Amino acid sequence: MPRPPGFALVRAVRWLVPRHLRDAWLAEWEGELAWGWQRAERGENLSAARARLHWRALGASSDALWLWRRHGATEMIGFDLRYAARSLRRRPGFVAVVVLTLALGAGAAAAVFSLVNGVLLRPLPFSQPERLVAIQGRATGGDPEAVSQPSSYLDYQDMRAQLRGFEQLAAVRGEDVTLTAPGARPARIGAQLVTASAFPALGMRPVLGRPFLASDERPGAEPVAMITHALWQRRYGGSPAVLGSRITLDGAPATVVGVLPDEARLTPETEIWLPLVPGPAEESRATHRFTVLGRLRPGVTIERAAREASAVAKRLEERYPSENAKRGAAVIPLREAIVADARPALLTLFGAVLLVLLIGCANLASLFMARAQSREREMAVRAALGAGRARLTRQWVAESFLLALGGGAAALAVAWVGMRTLVAFVPTAIPRAGEIALDQPVAAFLIGVMAVAAIGFGALPALQYRDASVSLGALREGGRGATPGRRRRRMRQGLVVAEVALATVLAISAALLVKNLWQLERARLPLRPDGVTFVQLQLPQGRYSDPAKVLDFFDRLRREVAAAPGVRSVSFAFEHPVSEGWTSSFSLVGRPEPPVGMWPESRIRPVSPGYFRTVGLPLVRGNDVSDADRFGTPGSVVVNEAFVREHFPDGDAVGQTINRGQMWWPGQPTHFRIVGVVADEPFRGVGRPADPATYYPQAQFPMNDMWMAVRADGDPAALARTLRERVWRVDRDLPVERVQTLDELLGDAVAASRFNAALLALFACAALCLAAVGIYGVLSYGVEQRTGEIGVRMALGASRARVIRQIAAEGAAVATAGAALGLVAAFALAGVLRSLLVGTEAQDPVVFALVPTLLVAVAITAAWLPARRASRIDPAGALRCER
Amino acid sequence: MPLRLTRPTATVLLALSRGFRHGFDILDATGLESGTVYPILRRLEDAGCVRSEWEEVERAREEGRPPRRYYELTGTGAGTLREALARYPEARGTAVPGGLRPRPA
């Protein structure tokens, strides 16, 4: 009888139907389809009938699914789970190892994933964030550092007027301001100066009040401010009365017009938003201090926007050759602009933790395989009693499902603790840390890992029962199935080789990072940091508008602090030794004037006399700046050795003159004679090469923002208190937020390196331990399996030492193979690490030689216990066991 | 599991009561999809509203096709049908041309 149309469809889904109903079910559908086809053959339109039968046969899948749910799934799954739970209860040690490995492996991975997700993956908390981009300055040729990423205000305005692919363009600049209020300590808070267009551009809406309007940006407009929700709650108790209230910012009044949600912050420090009222600095096309961000029109791609922005930048370059030479424009997603620097470190850590998880899983796989082997007889009996392969597979999957469930719950707890710990230690260099949470994607990640584990570990043992002969062999008394046994041992050895390889990669990476950190921590700094404390001072422009007032303040403060007990020296500097600060351009008198746009730059570091002595920076040649340097006297300047290397490679810099070509204060000198040379401060971070720097006398460069450097004896905490009080004796409205020892500042400078190295070292230790456990497991199981064989050999005269050597050699062979593989992989991966290393070669030969040696040593140690056990085998006993 | 009395359930019950006993006959009579009717039949059988039998092999062999399964209403099923029609009186109109088919014996 030919099969009626549609029957193939029915057959395809018959597997869903529980076995005891399957034949009858298939027969029923066949009967109906055959009847339908027979009727159709008596004259109907055959192709229409065929189509109808196929359509009806499709419905068989619903039928089968219903039966599966009704009979198959619920009852059998319940049964399987109960059976699995009983069988697991008898092996608490096994359960503990599996749950613990899964909890630690997956928990740690989920914790690091929460970091990756919160920082790198989660969309920015603005509406339609995929349309938000940043426009950055980019050199059109050659040196990428020649052009600063931020833009000038005038460039922003031209971009805004000419770019068509953008719905909105906004300029943003971060700054710190002092918030003073009656009865409260003055506070230094983060502010964002934004154009009114930032609100539509980002899609931010105030939770209270109004956003900034174009009228707020006009010079002379009534000063207004918006505060974040957090500041509103903290300082104003969430009262709506805050709207219209007057606050004092940098000594000047402003009216609060709105409250913004906390998610709208662009940096974690932002607490207040101010309208960007263009001042003198905004009139210069050479002052680049704005981030330009925009919202693309719907349907406009980033590539198109980038082409357009490049075209506008080209026009600006032609029109303003002196300021905009070589200044192109790049358009990148705003999220990218915020997180790009954090990406390599986070991805490396995530990769590392995934490797640990993988190694843990390899151990578990090996464990499950061993367990499957030891339960071969149980399975064979069940198979002999009629359990099919699917049935046995379900049994294993049910067990691994329960284990994954337990492991998953424990992993969640580990992930939570891990995430909190990571967030507490995360270096400030990582943006968006406030958005790290155990949320849906992290949960999905964890569930995914556990599902893969459950299915994988369940299927592994089942795969071994592919061979019916294996299970039959197990039933025969004494049958050990030599060939499949060897194959299985090979598989487990392969797993261990992979484990050792992964552990080698991790250990080499960690060793490189730790070595780098070690070098950074003890890099020979030209400073004497012990006993030096820095205090950040920012004199509000409002009350300190004129240089005389500024200098008078610092003079009085120096006298106050110098008189404090234990203080040995006091001085002031713009920024501190590990701060990048600013650069400014200059030319050298007597040299040919450099072409437009190619003026050299150097860091500006105004200092008061005695700063070098205070921080212990050696004066290599010439003199310090002096008290005699004033407005009206000829300018003096001290330069660093990097400056000399760059500009006077074979001559003495002292006595030469710098022309700044600009005046920031009326009466400021423009020409400065080099009077001395000092050693290099690590501006760009410990371990990185220093740039040329110019130390102007504070009196000829009276900045409002300075750091006070104090060298003193005694307890730094007590000193910090004293210093605050002394500052407030001179100006009781001045905030003193940051008081840090130089040691702390130097420590912060390597915080990111330390975070990465610490985590990677932790993961590498875990990997090493897991690999050792894996080797131990495989060898001791091998010894157990070969008890008889070893017994025979010992009976035939093999010595104990020989047996030990043989087992240890097996361990060493596995470890060496793994280490060799790992070495190759680590060598290939070294490039990934390069971005995390400061001044160390990523292919350090010592590390690459030492780590594998260590791993092999660990492997041999792990092999010791099983080897000793093998050597203690009593030949007579072993032979008696040999069945 | 209590039986959910949906409108298609009522229609299937009505078709059964009018003598449509085979799955595809019920499909033809009611115009419902096979993916709807079969699960309903399974539910009705579970709830004791219908019972199923196989037609005699001889008869099928005479017609040169495999035997078909047929369903018939039980006493419980008749009660359920009354309940269903009370809830969906309009089902009377939609379902099935009346008249009995010869019962397969």
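The rules behind each value
Starting from 1, residues in each chain are numbered consecutively following that chain's sequence as written. Note on labels: chains are lettered from A, ligands numbered from 1, in written order. Whole-chain, interface and lining totals are the exception, using all residues; otherwise, since this is a predicted model, local features are given only for residues with pLDDT of at least 70 and side-chain atom pairs are given and counted only at 80 or more. Calculation of side-chain values draws on the structure's entire complement of heavy atoms; hydrogens and water are dropped beforehand. Put simply, DSSP marks the helices as runs of H or I at least four residues long and the strands as runs of E at least two long, and each gets a number from the N terminus on. Whether a residue is buried, partly exposed or exposed follows from its accessible area with a 1.4 Å probe, protein chains only, as a fraction of its type maximum: under 20%, in between, or over 50%, in that order. Contacts between residues were defined by any pair of non-hydrogen atoms, one from each residue, lying within 4.5 Å. Methods summary: accessible areas were calculated by the Shrake-Rupley approach with a probe of 1.4 Å, and residue burial reflects only the protein chains presented. Summed over both partners, the accessible area lost on bringing two parts together, with a 1.4 Å probe, is the buried area. The salt bridge definition used is simple: a Lys or Arg side-chain nitrogen within 4 Å of an Asp or Glu carboxyl oxygen. At least two bridges found by DSSP between two strands are what make those strands a pair. Think of the arc as the fan of directions from the helix axis to the C-beta atoms. Polar contacts, as counted here, are pairs of nitrogen or oxygen atoms within 3.5 Å of one another; within protein the pair requires one atom able to donate a hydrogen and one able to accept it, and residues that are adjacent in sequence qualify only if both atoms are side-chain atoms. Throughout this description, the term nonpolar core refers to a set of buried Ala, Val, Leu, Ile, Met, Phe, Trp, Tyr and Cys residues connected via side-chain atoms within 4.5 Å. Axis angles are defined between N-to-C directions and span 0 to 180 degrees, where every axis is a line fitted to C-alpha atoms and, for a helix, only to the segment in contact. By definition, turning the near helix anticlockwise from the far helix through less than a right angle yields a left-handed crossing, and turning it clockwise yields a right-handed one. In this classification, the charged set is Asp, Glu, Lys and Arg, the nonpolar set is Ala, Val, Leu, Ile, Met, Phe, Trp, Tyr, Cys and Pro, and all remaining amino acids, among them Gly, are polar. Patch membership is restricted to residues that have no salt bridge and whose relative accessible area is over 30%. Joining uses 9 Å for like charges and 5 Å for the nonpolar side chains Val, Leu, Ile, Met, Phe, Trp and Tyr. A residue counts as positive if it is Lys or Arg and as negative if it is Asp or Glu; His and the chain ends are not included. Here the site of a charge means NZ on Lys, CZ on Arg, CG on Asp, or CD on Glu. Stacked, edge-to-face and tilted are the three classes for Phe, Tyr and Trp ring pairs, Trp counted by its six-membered ring, which pair at centre distances within 6.5 Å; planes under 30 degrees apart are stacked, over 60 edge-to-face, the rest tilted. Any Lys NZ or Arg CZ found within 6 Å of a ring centre and within 35 degrees of that ring's normal is scored as a charge over the ring.

**Q** I tried to follow the overall build of chain B on my own but got confused; where do I start?
**A** When helices and strands are counted, chain B shows six helices and two strands. Listing each helix as α and each strand as β along chain B from the N terminus yields α-α-α-β-α-β-α-α. Put simply, chain B has 105 residues, and 50% of those count as buried. Once local pairs closer than 6 in sequence are excluded, the contacts in chain B between residues at least 24 apart make up 65%. Accessible surface, chain B: about 5,100 Å² in total, of which carbon and sulfur atoms supply 49%.

**Q** Would you take a moment to explain the overall build of chain A for this structure?
**A** In terms of helices and strands, chain A carries 27 helices and 22 strands. In the form shown here, chain A has an accessible surface area of approximately 40,300 Å², with 58% of it arising from carbon and sulfur atoms.

**Q** What should I look at first to understand the interface of chain A and chain B in this one?
**A** The accessible area lost on association of the parts is a frequent measure of interface size. Contacts between chain A and chain B engage 24 residues on the former and 24 residues on the latter. In total, chain A and chain B occlude about 2,100 Å² of area from one another, counting both sides; carbon and sulfur atoms represent 56% of this. On the chain A side of the interface with chain B, the three residues burying the most area are A:Glu28, A:Glu32 and A:Arg56, jointly 31% of the side's total. There are six salt bridges connecting chain A and chain B. A salt bridge links A:Arg56 to B:Asp28; the shortest N-O distance between them is 2.7 Å.

**Q** I tried to follow unusual backbone geometry on my own but got confused; where do I start?
**A** Most of the time, phi is negative for any residue but glycine, and the peptide bond is trans. Residue and element names in this part refer to chain A. Residues other than glycine seldom take positive phi values, yet Gln 128 does so here, at roughly 45 degrees. Position of Gln 128 relative to the elements: it lies in the loop between α5 (92–121) and β1 (132–139). The backbone of Glu 575 sits at a positive phi, close to 70 degrees, despite the residue not being glycine. Here Glu 575 is to be found in the loop between β12 (567–573) and β13 (583–585).

**Q** Honestly, the pairing of strand β19 (residues 671–678) of chain A in this entry has me stumped. Any pointers?
**A** Side chains on a regular strand alternate between the two faces of the sheet. All names here are of chain A. With respect to burial, β19 is a largely interior element, six of its eight residues being buried. When strand β16 (residues 619–622) meets β19, the two strands line up antiparallel, connected through three bridges. Bridging across to β19, Gly 622 finds its partner in Gly 676. As paired elements, strand β17 (residues 635–640) and β19 share six bridges and run parallel to each other. If you follow Val 638 over to β19, its bridge partner there is Gly 676.

**Q** Help me out: how do you make sense of helix α13 (residues 376–384) of chain A in this one?
**A** Residues that lie three or four places apart on an α-helix share one face, since the helix turns once every 3.6 residues. Turning to α13(A), its buried residues number three or more, namely A:Glu376, A:Met379, A:Ala380 and A:Arg382. Buried residues of α13(A) fall within an arc of 165 degrees about the axis and therefore sit on the same side.

**Q** Whenever I open this one, the environment of A:Ala8 confuses me. Can you help?
**A** Residues and elements named next belong to chain A. Looking at where Ala 8 falls in the secondary structure, it is placed in helix α1 (residues 7–13). Judged by relative accessible area, which is 61%, Ala 8 ranks as exposed. Sequence separation of Ala 8 and Glu 30 is 22 residues, and the distance between their C-alpha atoms is 9.9 Å.

**Q** Where do I start with the side chain of A:Thr195 in this structure?
**A** Structurally, A:Thr195 can be placed in the loop between β3 (187–194) and α7 (198–202). Among the polar contacts listed, one links the side chain of A:Thr195 to the side chain of A:Ser197, at a separation of 2.8 Å.

**Q** Sorry, what's going on with the nonpolar core here?
**A** Among soluble globular proteins, nonpolar side chains are generally buried collectively. If you look at the biggest cluster of nonpolar residues, it comprises 119 residues, and the most contacted ones within it are A:Phe534 and A:Tyr695. Of all hydrophobic cores here, the second largest spans 43 residues; its members include A:Leu557, A:Ile674, A:Val677 and A:Val730.

**Q** Help me understand the packing of helix α23 (residues 751–785) of chain A against helix α25 (residues 800–834) of chain A in this model?
**A** When two helices pack together, their arrangement is given by the angle between the helix axes and the distance between those axes. Residue and element names in this part refer to chain A. Orientation of α23 relative to α25, taken along the N-to-C sense of each, is 140 degrees, at an axis distance of 11 Å. The hand of the α23/α25 crossing is right-handed. Along its contact with α23, which presents Ile 775, Leu 779 and Val 783, the element α25 presents Ile 807, Glu 810, Gly 811 and Ala 815. Grouping the constituent residues of the contact of α23 with α25 by class yields five nonpolar, one polar and one charged.

**Q** Please explain the environment of A:Trp273 as it appears in this structure.
**A** Residue and element names in this part refer to chain A. In this fold, Trp 273 is placed in strand β8 (residues 270–275). Trp 273 sits in the buried class, given a relative accessible area of 1%. Setting aside residues up to four positions removed in sequence, Trp 273 forms contacts with Gln 192, Val 194, Met 204, Phe 212, Ala 225, Met 226, Thr 228, Leu 260, Ala 264, Arg 265 and Leu 266.

**Q** Whenever I open this one, a nonpolar patch on the surface confuses me. Can you help?
**A** A surface patch of nonpolar side chains, about 290 Å² in accessible area, is lined by A:Leu9, A:Trp55 and A:Leu58. Examined against the element boundaries, A:Leu9 turns out to sit in helix α1.

**Q** What should I look at first to understand a negative patch on the surface in this one?
**A** Where like charges cluster on the molecular surface, the negative patch consists of A:Asp176, A:Glu269, A:Asp705 and A:Glu737. Here A:Asp176 shows up in strand β2 (residues 166–180).

**Q** Can you help me understand the sheet that holds strand β11 (residues 532–538) of chain A in this one?
**A** Within a sheet, adjacent strands bond to each other through the backbone by hydrogen bonds, running parallel or antiparallel. Residue and element names in this part refer to chain A. One open sheet accounts for four strands, arranged β12-β21-β11-β22; its pairing is antiparallel. Looking at the sheet topology across the chains shown, the edges are occupied by β12 and β22 (739–741). Between one strand axis and the next, the sheet turns by 20 degrees as a mean value, whatever way the strands run. The sheet contact formed by β11 and strand β21 (residues 705–712) spans seven bridges and is antiparallel. Within β21, the position partnered with Val 535 by the bridge is Met 708. Its contacts with the sheet put helix α18 (residues 547–562) on β11, β12 and β21, and the angle it makes with β12 is roughly 160 degrees.

**Q** Mind showing me how you'd approach the pattern of salt bridges here?
**A** Side chains that differ in sign of charge can pair as their charged atoms come close. Using the criterion set out here, one finds 35 salt bridges over all chains in the structure. Ionic pairing is found between B:Arg42 and A:Glu28, a salt bridge with its closest N-O pair at 3.2 Å. Linking B:Arg42 in helix α3 (residues 34–46) with A:Glu28 in helix α2 (residues 19–41), this pair reaches from one chain into another. Classification of B:Arg42 as buried rests on a relative accessible area of 6%. Note that A:Arg568 is salt-bridged to A:Asp713, the shortest N-O span being 3.1 Å. Pair noted here: A:Arg568 is in strand β12 and A:Asp713 is in the loop between β21 and α21 (716–730), with a separation of 145 residues, a long-range link. Classification of A:Asp713 by relative accessible area gives partly exposed; the value is 45%. The network of salt bridges with shared partners includes A:Glu28, A:Asp63, B:Arg42 and B:Arg69.

**Q** Sorry if this is basic, but what is going on with the packing of aromatic side chains here?
**A** Residues and elements named next belong to chain A. Across all of its chains, the model carries 24 aromatic pairs over all chains by this definition. Both rings, one in Tyr 611 and one in Phe 612, keep their centres 5.9 Å apart while their planes meet at 65 degrees; by these two values the pair is edge-to-face. Put simply, the rings of Trp 664, Trp 665, Phe 672, Tyr 696 and Phe 701 pair up and form one aromatic cluster. The side chain of Arg 660 reaches across the aromatic face of Trp 664, ending 4.9 Å from its centre. The ring of Tyr 696 carries Arg 660 above its face, with NZ or CZ at 5.8 Å from the centroid.

**Q** So what exactly am I meant to see when it comes to the packing of helix α24 (residues 787–795) of chain A against α25(A) here?
**A** Residues and elements named next belong to chain A. Between α24 and α25, the least distance of the axes is 10 Å, while the angle of their chain directions is 145 degrees. Between α24 and α25 lies a crossing whose hand is right-handed. In contact with Ile 790, Arg 793 and Met 794 of α24, α25 contributes Arg 800, Arg 802, Val 803, Gln 806 and Ile 807.

**Q** What should I look at first to understand the side chain of A:Arg131 in this one?
**A** All names here are of chain A. Note that Arg 131 resides in the loop between α5 and β1. Given the relative accessible area of 12%, Arg 131 is considered buried. Within polar-contact distance, the side chain of Arg 131 engages the side chain of Gln 128 at 2.8 Å. With sequence-adjacent residues up to four places away left out, Arg 131 is seen in contact with Glu 167, Gly 294, Arg 295, Leu 296, Arg 297 and Pro 298.

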